[in-house]
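Residue strings, one per chain:
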Amino acid sequence: MRIDCHAHYFPGPYLDLVEAIGHGEVETSLGRRGSFRTHAEALGPRLEAMDRADVGIQILSIATGGPYVQSEIGATICARVANDSYAEMVRLEPARFKAFATLPLPHVDAALIELTRALDELGFAGAGVATKMGGKSLADPAFDPIYAELNRRKAVLFVHPIGHSCDSTLLEETQLTWPLGAPFEDTAAALQFIQSGFLTKFPDVKVIMPHLGGTLPFLVHRLDHQRDRFMRDVAGMPSELVKKFWYDSVNGHPAALRCSIDTFGIGQIVFGTDYPFWSGPAHQHASEYLDHSGLSAEQIAAISDGNARALFGALLAP
């Protein structure tokens, strides 16, 4: 069965809290579509969907709707509620769920405390961040202490778009925030990490970029050709540096998956479904399209669970 590295869970009480504390700073309407008031209420439909899509394990993340609010105390309270909710889901079904820590960013000191609690006390699989937090890019040097701690632990960092359309009013006005803006966010986040020297400063952080890296597989030659325009201070070619990230398979288009494998290497692709944003037939397609992409049995097995087991180590040991 497959290990889903890109799956969300939005507890209703958490969304209520982040709305009240954030006073409109955090977009929660998308999360409301897949939220439940209690874990018991959420478990049945989620496990049934997982079984239909041959998903053995979900690694839960908040991502969109994270507690990125101005109040440090408020952000910390929200992050703790989210992480405690995830810990309870893992406790209820330890064989089916793991979790990425939600962090109260941009408040770095508070985030370091919560990261330590989530990894050491709650046994989480790593941390999740958005492409923009508190008005700052995820590659902003202000967040380096978080990445330094993840680097020390050789931990996994899961990145997810937040729905800011790369600050494009044109995308927002034409309702392209999620169809187009989200993969642009993915692409920009990877390139901003590369620009910042992240890969040199924090070589042991294992970063998962979502949605096959957005437009990266399609653009690598263009990025190489124009590297001097955007990465004069960083050694290496973009087409090689992008191979240092991992990418989840949420896309659904067989040709895009094959292009990503050709671009990044089969060992850098992990499985994901974007549940519950991809639900019903879409959720099943996120899994089944692997089997209809012209891949070998060995490649499908690597994406399904082999690469994730290698990435997470003992946490996902059979």
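Cut-off values and rules
Residues numbered from 1 in each chain as written. Predicted model: local features only at pLDDT ≥ 70, side-chain atom pairs only at ≥ 80, totals over all residues. Heavy atoms only, no water. Helix = DSSP H or I, 4+ residues; strand = E, 2+ residues; numbered from the N terminus. Buried < 20%, exposed > 50% of the residue type's maximum accessible area, 1.4 Å probe, protein only. Polar contact = N/O pair within 3.5 Å; in protein donor to acceptor, adjacent residues only side chain to side chain. Contact = heavy atoms within 4.5 Å. Core = buried A, V, L, I, M, F, W, Y, C linked by side-chain atoms within 4.5 Å.

Student: Please clarify how the side chain of His160 should be interpreted in this entry.
Tutor: Its place among the elements puts His160 in strand E9 (residues 156-160). We classify His160 as buried; its relative accessible area is 2%. Here His6 takes part through its side chain, which lies 3.2 Å from a polar atom of the side chain of His160. Separated by 3.3 Å, the side chains of His160 and Thr64 make a polar contact. Ignoring sequence-local partners within four residues, the contact set of His160 consists of His6, His8, Ala63, Thr64, Val129, Ala130, Thr131, Pro210, His211 and Asp274.

Student: Would you explain the environment of Val270 in this entry?
Tutor: When you line up the elements, Val270 lands in strand E12 (residues 269-270). The contact partners of Val270, leaving out residues within four places of it in the chain, are Cys5, Ile208, Trp246, Tyr247, Asp248, Ser249, Ile303, Asn307, Ala308 and Leu311.

Student: Looking at this model, I keep getting lost on unusual backbone geometry. Mind explaining?
Tutor: Generally, phi is negative for residues other than glycine and the peptide bonds are trans, each holding for most cases. The amide bond that connects Leu105 to the next residue, Pro106, takes the cis arrangement and shows omega of 15°. Relative to the elements of secondary structure, Pro106 occurs in the loop between strand E5 (97-102) and helix H5 (108-121). Of note, Lys154 is a non-glycine position whose phi angle comes to about 55°, a positive value. Along the chain, Lys154 falls in the loop between helix H6 (144-153) and E9. Even without glycine at this site, Cys166 takes up a positive phi of about 55°. As for its placement among the helices and strands, Cys166 is situated in the loop between E9 and helix H7 (169-173).

Student: Explain the nonpolar core to me, please; I cannot follow it from the model alone.
Tutor: The nonpolar side chains of a soluble globular protein tend to be buried with one another. Counting residues in hydrophobic clusters, the biggest one holds 79 residues, and the most contacted among them are Tyr147 and Phe193. The biggest single contributor to this core is helix H4 (residues 72-92), with 7 residues. Counting 15 residues, the second largest nonpolar core, distinct from the first, contains Cys5, Ile59, Ala125 and Leu311.

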